[in-house]
Amino acid sequence: MGNKEYLNRAYLLDKLIKSKERERAELKELLTSISSQDFSSPVVSSSGEKNNANFVKILDEISELDDKLNKEINNYLNVKKEIGELIDSVEDPNERLLLRLRHIDFKSWAKIAEELGYSERQAFRIYRQALEKIKIN
């Protein structure tokens, strides 16, 4: 794994987490679309039992997804910390800031260049120089 791929791990995990969060939101919305069961009458219809089963199944899926998300988030935080420490080992403050903007804040080249007062080409040149200075253990 090259330096760039190593630093991009947090970005990929961030996208994965956001995807799972969207999935969880869709499941929660699905819960609200299940018609409620009428408990005021003594007889429960078979359709009510089916709705109840669907409700429980979706709750179980949300719970499983929450567990997976928590693991992914913990992994993400560890990777981001690791990447931050690696970036902090770069001596040049301009290179360090550029690496942070790209791999910690996930900013685009246009935003990085604008923020630092460089052209995109200059920003990318400095980035390549900084990548060469990183030593992955």
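So, a few notes on the structure that sits alongside this text. (Residues numbered from 1 in each chain as written. Predicted model: local features only at pLDDT ≥ 70, side-chain atom pairs only at ≥ 80, totals over all residues. Heavy atoms only, no water.)

## Some words on the pattern of salt bridges
- By the definition in use, this model includes seven salt bridges.
- Of the charged contacts, one joins lysine 20 and glutamate 72 as a salt bridge, the two residues approaching to 3.4 Å between their closest N and O atoms. Taken together, the positions of lysine 20 in helix 2 (residues 9-33) and glutamate 72 in helix 3 (residues 46-88) put the pair 52 residues apart, joining distant regions of the chain. A single burial state applies to lysine 20 and to glutamate 72, both of which are buried.
- Two residues, glutamate 95 and lysine 133, come together in a salt bridge whose shortest N-O distance is 2.9 Å. In this pair, glutamate 95 sits in helix 4 (residues 93-103) while lysine 133 sits in helix 6 (residues 120-133), placing the two residues 38 residues apart along the sequence.
- Its relative accessible area of 5% is what places glutamate 95 among the buried residues.
- Of the residues examined, lysine 133 reaches a relative accessible area of 48% and is grouped as partly exposed. (Salt bridge = Lys/Arg side-chain N within 4 Å of Asp/Glu carboxyl O. Helix = DSSP H or I, 4+ residues; strand = E, 2+ residues; numbered from the N terminus. Buried < 20%, exposed > 50% of the residue type's maximum accessible area, 1.4 Å probe, protein only.)

## Regarding unusual backbone geometry
- Positioned with a positive phi, phenylalanine 106 is a non-glycine residue whose angle comes to about 60 degrees.
- Relative to the assigned elements, phenylalanine 106 resides in the loop between helix 4 and helix 5 (109-116).

## Concerning the packing of helix 4 against helix 5
- The geometry of helix 4 relative to helix 5 is characterised by a closest axis approach of 10 Å and an angle of 145 degrees between their N-to-C directions. For helix 4 against helix 5, the interelement crossing comes out right-handed. Along its contact with helix 4, which presents Leu97, Leu98, Leu101 and Arg102, the element helix 5 presents Trp109, Ile112, Glu115 and Leu116.
- Tallied by class, residues from the contact of helix 4 with helix 5 come to six nonpolar, no polar and two charged. (Axes fitted to C-alpha atoms, helices over the stretch in contact; angles between N-to-C directions. Left-handed = near helix turned anticlockwise from the far one by under 90°. Contact = heavy atoms within 4.5 Å. Nonpolar A, V, L, I, M, F, W, Y, C, P; charged D, E, K, R; others polar.)

## Side note on the packing of helix 5 against helix 6
- Axis separation between helix 5 and helix 6 bottoms out at 8 Å; the angle between their running directions is 95 degrees. Of the possible angle classes, the one that applies to helix 5 and helix 6 is roughly perpendicular. Note on element contacts: helix 6 touches helix 5 through Glu120, Ala123, Phe124 and Tyr127, opposite Trp109, Ala110, Ile112 and Ala113.
- The residue makeup of the contact of helix 5 with helix 6, split by class, is seven nonpolar, no polar and one charged. (Parallel < 35°, antiparallel > 145°, perpendicular 65-115°, else oblique.)

On their own, these measurements won't tell you what the molecule is for.
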